[in-house]
Amino acid sequence: MAQRLDTRDRDFEARFTALLGEKRESAADVNDAVAKIIARVREEGDAALIDLTRQFDRLDLNETGIAVSADEVDAARAQVDDATFAALELANARILDHHSRQRPGDDRYTDDRGVDIGQRWTPVASAGLYVPGGTASYPSSVLMNAVPAKVAGVKRLVMVVPSRRGELNPLVLVAAKLAGVDEIYRIGGAQAVAALAFGTETIKPVVKIVGPGNAYVAAAKRQVFGQVGIDMVAGPSEVVVIADAENDPAWIAADLLAQAEHDAAAQSILITDDAAFADAVIEAVESQLATLPRAETARASWDDFGAVILVASLDEAPALADRLAPEHLEIATGNADELTAKVSDAGAIFVGRYTPEVIGDYVAGTNHVLPTARSARFASGLGVLDFMKRTSILKLDADSLKALGPSAMSLARAEGLEAHRRSVSIRLNLPE
Ligand SMILES: NC(=O)c1ccc[n+]([C@@H]2O[C@H](COP(=O)([O-])OP(=O)(O)OC[C@H]3O[C@@H](n4cnc5c(N)ncnc54)[C@H](O)[C@@H]3O)[C@@H](O)[C@H]2O)c1
Ligand SMILES: N[C@H](CO)Cc1c[nH]c[nH+]1
Ligand SMILES: [Zn+2]
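Residues numbered from 1 in each chain as written. Chains lettered and ligands numbered in written order. Predicted model: local features only at pLDDT ≥ 70, side-chain atom pairs only at ≥ 80, totals over all residues. Heavy atoms only, no water.

**Overview of a nonpolar patch on the surface**
The following threshold applies: Only residues whose relative accessible area exceeds 30% and that take part in no salt bridge are eligible for patches, with like-charged residues grouped when within 9 Å of each other and nonpolar side chains (Val, Leu, Ile, Met, Phe, Trp, Tyr) grouped when within 5 Å. All accessible areas in this document rest on Shrake-Rupley with a 1.4 Å probe, and a residue is counted as covered only by the protein chains that are shown. Salt bridge criterion: a side-chain nitrogen from Lys or Arg within 4 Å of a carboxyl oxygen from Asp or Glu. In DSSP terms, a helix is any run of H or I states spanning at least four residues, a strand is any run of E spanning at least two, and both are numbered starting from the N terminus. Any residue under 20% of the maximum accessible area for its type is buried, any over 50% is exposed, and the rest in between are partly exposed; the area is computed with a 1.4 Å probe on protein chains only.
Judged by side-chain polarity, Leu 394, Leu 396 and Leu 404 come together as a nonpolar surface patch covering roughly 260 Å² of accessible area. For Leu 396, the location among the structural elements is in the loop between strand 14 (388-395) and helix 17 (398-414). A residue is classified by how much of its surface remains accessible, and Leu 396, at 36% relative accessible area, is partly exposed.

As structure tokens, then:
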């Protein structure tokens, strides 16, 4: 069962601090193994991909080819029923709509010294999208990663997805086509990340790699950073639910389990001001676990990392939420808007009793790739800006150079950089 805390207990601060410091990811050191895999892909290219895929995914790429063909993608549609396809189309359209609003604007103006100054946004030339395929497959994550890239204007979008024993979820391929992915390769793990970063005979390198994955994928992304850009390294899922006693305990229990079923290392936390309601939610979690297909995973997550925090007043909840900085925060209280305004550190906030986090996972339109492990204190969810970069633009004429140049020369002299000083003075015809 989840641990219980009460802000009125004398040991609360110590226990809450321990909860914040908890490491939920495997401590196993995968870095050395990943470094070796990356080195092999750099040296041997496709041959390393073929060998490592045989070893880790039990698939012979000599038989299937590394690339997924357009015919295979088209054939996948026939394996998806119409209702599921319609749901995918709705999700795609809403994610597209919402992310279109994130497109940044360029800026160009002339300041009071006559300097023409501004900034311009351009997309990265190519992006690699890692789609996990080890233990579960996530068509929704294909859309969440690919759509913002398309909205940003990325010209070449490359997807990698492991195909264990040759199996590929047809909905993943259908989602890739819907979102406009250009190339798909049936490889996974650190070798796929290395191929995207350095290229092989078959795969041209990309300039940015995004997408969630297991510890090997995360370590590989960290190791290739610099050669390519990466998004955040998102870890196991988490949710904090702030709820008053007016909720149906079964609804709140369902929300806690929706996160717990992702991963044994996922974390679900309830904050409430009513002890009897807390008991009722815990009871509902137990009864729902009895019929949950992924009960083993959800049970492990709830028992090992779940928590129920009792507060004297819900006014205490926003500060606790900020300290937890969760990936997802649900606020199911009568004054949900008021509490929402008081929280600043959360990846995404779901406001009110009728906004389960799961709607954000699939069809709301907001992105479900969000910062975990308290990184919402400094990071944001995946969005259009992750696929763009900003270039500043300056244009001076003789007069504006005369207006600004002398100050630049003074600062250059102060830094002992004479060539810098001369680069200005030579244009202003000033003496050496
Ligand atoms: N935050 C999100 O939005 C989000 C969404 C979906 C999934 N996820 C997370 O992504 C992860 C997916 O993990 P997964 O394992 O199912 O799939 P995965 O595709 O990330 O990993 C499978 C690959 O791992 C490599 N691998 C496995 N064992 C290895 C070993 N011993 N040595 C070297 N390489 C090895 C293999 O190459 C294999 O192809 C989960 O933790 C899940 O919670 C997060
Ligand atoms: N909740 C996950 C992100 O934390 C995303 C997801 C995909 N499918 C279902 N849920
Ligand atoms: Zn989810």
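Let us keep going from here.
**Here's the deal with the sheet that holds strand 12 (residues 328-332)**
Our working definition: Here, any two strands with at least 2 DSSP bridges between them count as paired. To obtain an axis, a line is fitted to C-alpha atoms, over the contacting stretch when the element is a helix, and the angle between two such axes runs from 0 to 180 degrees between their N-to-C directions. We call two residues contacting when some pair of their heavy atoms lies within 4.5 Å.
If you trace the six strands from one edge of the open sheet to the other, you get 1-11-10-9-12-13, paired in parallel fashion. The sheet is open, and its two edges are formed by strand 1 (3-6) and strand 13 (348-351), each paired on a single side. Direction aside, the axes of adjacent strands within the sheet are offset by 15° on average. Both strand 12 and strand 13 contribute to a ladder of four bridges, which runs parallel. Each residue of the ladder has a partner; that of Leu 329, found in strand 13, is Ile 349. Set on the sheet, helix 1 (residues 12-21) makes contact with strand 1, strand 10 (267-272) and strand 11 (307-310); between it and strand 1 the angle comes to about 135°.

**Looking at the packing of aromatic side chains**
Under the convention used in this document: Classification of ring pairs rests on two measures: the distance between centres of Phe, Tyr or Trp rings, Trp counted by its six-membered ring, which must be within 6.5 Å, and the angle between planes, read as stacked under 30 degrees, edge-to-face over 60 and tilted in between.
Using the criterion set out here, one finds two aromatic pairs in the structure. When the centroid spacing of 5.3 Å and the interplanar angle of 20° are considered together, the rings of Phe 12 and Phe 16 count as stacked. Of this pair, Phe 12 and Phe 16 both sit in helix 1, four residues apart, which is roughly one turn of that helix. You can call Phe 12 buried: its relative accessible area is 7%. Summarising the aromatic geometry, the rings of Trp 251 and Tyr 354 are spaced 5.4 Å apart at their centres and angled 75° between planes, so their arrangement reads as edge-to-face.

**Re the domain arrangement of the protein**
Using the following cut-off: An automatic or database domain assignment supplies the start and end points of every domain.
Domain boundaries assigned for the protein yield domain 1 (3-23 + 235-364), domain 2 (31-109 + 120-230) and domain 3 (396-425). The gap between the C-alpha centroids of domain 1 and domain 3 is 57 Å.

**Here's the deal with the coordination of the zinc ion (ligand 3)**
Spelled out, the test is: The rule for donors is simple: an N, O or S atom within 2.8 Å of the metal counts, and for Na, K and Ca the reach is 3.2 Å. Water is not among the atoms, so a site may look short of donors. Key to geometry: four donors with every angle between 85 and 135 degrees are tetrahedral; four donors are square planar and six octahedral where opposite donors lie over 155 degrees apart and all remaining angles lie between 65 and 115; all other sites are irregular.
Taken together, His 262 (NE2) and Asp 361 (OD) make up the full set of protein donors to the zinc ion (ligand 3), lying 2.1 to 2.2 Å away. In this structure, the zinc ion (ligand 3) is surrounded by four donor atoms whose angles at the metal cover 87 to 174°, and the resulting shape is irregular. In this pair, His 262 sits in the loop between helix 11 (249-260) and strand 10 while Asp 361 sits in helix 16 (residues 357-362), placing the two residues 99 residues apart along the sequence. Relative accessible area serves as the criterion here: at 28%, His 262 is assigned to the partly exposed category. On the basis of relative accessible area, Asp 361 is assigned to the buried category, the value being 10%.

**Let's talk about the nonpolar core**
Put simply, the test is: The nonpolar core is taken to be a set of buried Ala, Val, Leu, Ile, Met, Phe, Trp, Tyr and Cys residues, with the residues joined through side-chain atoms within 4.5 Å.
Counting 42 residues, the largest nonpolar core has Val 142, Leu 143, Met 159, Ile 184 and Phe 387 as the members making the most contacts within it. Listed by contribution, the elements that provide at least two residues to this core are helix 5 (70-78), helix 6 (82-100), strand 4 (126-130), helix 7 (139-152), strand 5 (156-160) and helix 8 (170-179). For this core, the leading source of residues is helix 7, giving eight residues.

**Observations concerning the UniProt feature "binding site: substrate" (unreviewed entry) in the protein**
Note the following rule: UniProt positions are given in the numbering used here, feature names are shortened, and annotations may be inferred rather than shown by experiment.
Mapped onto this numbering, the UniProt entry annotates "binding site: substrate" (unreviewed entry) at Ser 237, Gln 259, His 262, His 328, Asp 361, Glu 415 and His 420. Taking the farthest pair of C-alpha atoms as the criterion, the annotated set spanning 184 residues is dispersed, since that pair is 56.3 Å apart. On the secondary structure map, Gln 259 appears in helix 11. By relative accessible area, which is 0% here, Gln 259 ends up buried. Excluding residues within four positions of it along the chain, Gln 259 makes contact with Ser 237, Glu 238, Val 239, Ala 266, Gln 267, Ser 268, Glu 327, His 328 and Glu 357. Tracing the backbone through its elements, the reader meets His 420 in helix 18 (residues 418-425).

**Focus on the sheet that holds strand 2 (residues 107-110)**
What the three strands build is an open sheet, ordered 2-3-14; its pairing is antiparallel. Here the strands that pair on one side only, and so sit at the sheet edges, are strand 2 and strand 14. Across the sheet, the mean angle from the axis of one strand to that of its neighbour is 15°, orientation sign disregarded.

**A few points about the packing of helix 2 (residues 31-44) against helix 9 (residues 189-198)**
Selection rule: Working definition: roughly parallel below 35 degrees, roughly antiparallel above 145 degrees, roughly perpendicular at 65 to 115 degrees, and oblique for all remaining angles. In this scheme the handedness of a crossing depends on how the near helix is turned from the far one: anticlockwise by less than a right angle means left-handed, clockwise means right-handed.
At a minimum axis distance of 9 Å, the contact between helix 2 and helix 9 shows a crossing angle of 45°. On the basis of the axis angle, helix 2 is oblique to helix 9. Taken as a pair, helix 2 and helix 9 cross one another with a handedness that is right-handed. Residue-level contacts link Val 34, Ile 37, Ile 38, Val 41 and Arg 42 of helix 2 to Ala 190, Gln 191, Ala 194, Ala 195 and Phe 198 of helix 9.

**Regarding the packing of helix 1 against helix 14 (residues 317-324)**
Let me state the cut-off plainly: Residue type decides the class: Asp, Glu, Lys and Arg count as charged, Ala, Val, Leu, Ile, Met, Phe, Trp, Tyr, Cys and Pro as nonpolar, and the leftover types, Gly among them, as polar.
Look at helix 1 against helix 14: their axes get within 10 Å of each other, and the N-to-C directions meet at 40°. Classified by the angle their axes make, helix 1 and helix 14 are oblique. Listed contacts from helix 14 to Phe 12, Glu 13, Phe 16, Thr 17, Leu 19 and Leu 20 of helix 1 are Leu 320, Arg 323 and Leu 324. Residue composition of the contact of helix 1 with helix 14, grouped by class: six nonpolar, one polar and two charged.

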